[in-house]
Amino acid sequence: MKNRAVITVLFVLALSVWGEPVRAADISEPPVVGVVAQYNGREINLADGWQGAAACVEIAADDVRCYDSIEESDRELARLGLISEDGRAGESTSQSIADCPWGWVCLWEWTNFNSGGRMLKWSQSGTKNLGDWDFRDQASSACVSRDQGGARADDWRTLQPDPSLYLGAGYCYEDFGKISYPYGGNWNNKADSLTM
Ligand SMILES: [Ca+2]
């Protein structure tokens, strides 16, 4: 009897190990489906690349628009009445947190909010799978340009806890490379999702 009990336990253990071997990875990594955006009069799927766009903006759920330059995206948001003239980028520097207007959450591809790289601006709450936006492992600086409601960047680890980087409301982070990462190194080019 004793031997049979041991065998049963081993069998159950084996089932639990072999039955669902990739469960942890499945939970933490949703499949990339891509985000469809309007860009110069056509539809592009951002997961397939930005096709030359420099800034993509989530104006509303299911309304994402991309522009040739970050400056152009600023002008368009003002023209659409989505940001006030005050909230629009007034400076013409290549490194400007003003490109993330008040009320929006933004990620930059480059450090120091540099407009030489690509930029994303979101207005809608929820979790953004950065793979859908062709931005996975590419974020280097960020702004949460609002009074309330911070944001959280996650790095998905297989079979390990996913580290989170909390971004406070009203704060900008000029260089993820200066923020230490729990497993060593820093947060530059690590974020896989952004929740806001
Ligand atoms: Ca990552």
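Scroll up a little and you will see the structure.
The structure presented is a predicted model; accordingly, all values stated were derived computationally and were not measured.

Conventions we followed
Every residue gets a number counted from 1 within its own chain, in the order that chain's sequence is written. Local features in this predicted model are restricted to residues whose pLDDT is 70 or higher, and side-chain atom pairs enter the listing and the counts only when it is 80 or higher, whereas totals over whole chains, interfaces and linings include all residues. Excluding hydrogens and water, the side-chain figures rest on all heavy atoms present in the structure. Strands qualify as paired when DSSP identifies two bridges or more between them. Under the scheme used here, helices are H or I runs from DSSP no shorter than 4 residues and strands are E runs no shorter than 2 residues, and both carry numbers assigned from the N terminus. Lines fitted to C-alpha atoms define the axes, with helix axes restricted to the stretch in contact, and inter-axis angles between N-to-C directions lie between 0 and 180 degrees. As a rule, N, O and S atoms within 2.8 Å of a metal are its donors, except that Na, K and Ca use 3.2 Å; water is not among the atoms, so sites may look incomplete. Here's how the labels work: a residue is buried when its accessible area is under 20% of the maximum for its type, exposed when over 50%, partly exposed in between, all with a 1.4 Å probe on protein chains only. Counted as salt bridges are all cases of a side-chain nitrogen of Lys or Arg within 4 Å of a carboxyl oxygen of Asp or Glu. The contact criterion used is simple: two residues touch if any of their non-hydrogen atoms lie within 4.5 Å. Two cysteine sulfur atoms make up a disulfide if the distance between them is within 2.5 Å.

S.K.: How do you make sense of the sheet that holds strand β10 (residues 164–167) when you look at a structure like this?
M.R.: The strands that make up a sheet are held in pairs by hydrogen bonds between backbone atoms, and each pair lies either parallel or antiparallel. What the 4 strands build is an open sheet, ordered β7-β12-β9-β10; its pairing is antiparallel. Edge strands, defined here as strands with exactly one partner in the open sheet, are β7 (127–129) and β10. Taken pair by pair, the neighbouring strands of this sheet meet at an average axis angle of 20°, ignoring direction. In terms of strand pairing, strand β9 (residues 151–154) meets strand β12 (residues 193–195) through 3 bridges, oriented antiparallel. Of the residues in β12, the one forming a bridge with A153 is L194.

S.K.: Can you walk me through the coordination of the calcium ion in this structure?
M.R.: Each pair of donors in an ideal octahedron of six around a metal sits at 90 or 180 degrees, and each pair in an ideal tetrahedron of four sits at 109.5 degrees. The calcium ion binds to the protein through D137 (OD), D155 (OD), K190 (O), D192 (OD) and D192 (OD), with metal-donor distances spanning 2.2 to 2.6 Å. Of note, the calcium ion draws all its donor residues from one chain, in the sequence arrangement D-x17-D-x34-K-x1-D. Pair noted here: D137 is in the loop between β7 and β8 (141–145) and D155 is in the loop between β9 and β10, with a separation of 18 residues, a long-range link. Classification of D137 by relative accessible area gives partly exposed; the value is 37%. Take D155: its relative accessible area is 7%, and that puts it in the buried class.

S.K.: Can you walk me through the pattern of salt bridges in this structure?
M.R.: Between side chains of opposite charge, a pair can form when the charged atoms approach closely. Inspection of the entire model under this criterion finds 10 salt bridges. A salt bridge links D63 to R65, with the nearest nitrogen and oxygen atoms 2.9 Å apart. The shortest N-O distance in the salt bridge between K121 and D74 comes to 2.5 Å. Placement of the pair is K121 in strand β6 (residues 119–122) and D74 in helix α3 (residues 70–79), with a sequence separation of 47 residues. Residue classification places K121 among the buried positions, given a relative accessible area of 0%.

S.K.: What am I meant to see in the side chain of N129 here?
M.R.: Turning to its location among the elements, N129 is positioned in strand β7. The class of N129 is buried, set by a relative accessible area of 9%. Setting aside its immediate chain neighbours within four residues, N129 contacts P30, P31, V32, W156, D192 and S193.

S.K.: Even after reading the chapter, I still don't get the state of the cysteines, so can you show me in this structure?
M.R.: A disulfide bridge is the covalent bond that connects two cysteines by way of their sulfur atoms. Under the criterion given, the structure shown has 3 disulfides. Between the sulfur of C56 and that of C66 lies a disulfide, 2.1 Å long from S to S. Taking the sign of the torsion about the S-S bond as the criterion, the disulfide between C56 and C66, at about 110°, is right-handed. With a gap of 10 residues between them, C56 in strand β3 (residues 55–60) and C66 in strand β4 (residues 63–67) connect regions that are remote in the sequence. For the pair C56 and C66, a shared accessibility class is recorded, and that class is buried. Disulfide partner of C100: C106, at an S-S distance of 2.0 Å. Sign of the S-S torsion, about 90° for the bond between C100 and C106, identifies this disulfide as right-handed. Each member of the pair, C100 as well as C106, carries the same accessibility label: buried. Here the protein pairs its bonded cysteines, counted in sequence order, in the arrangement 1-2, 3-4, 5-6.

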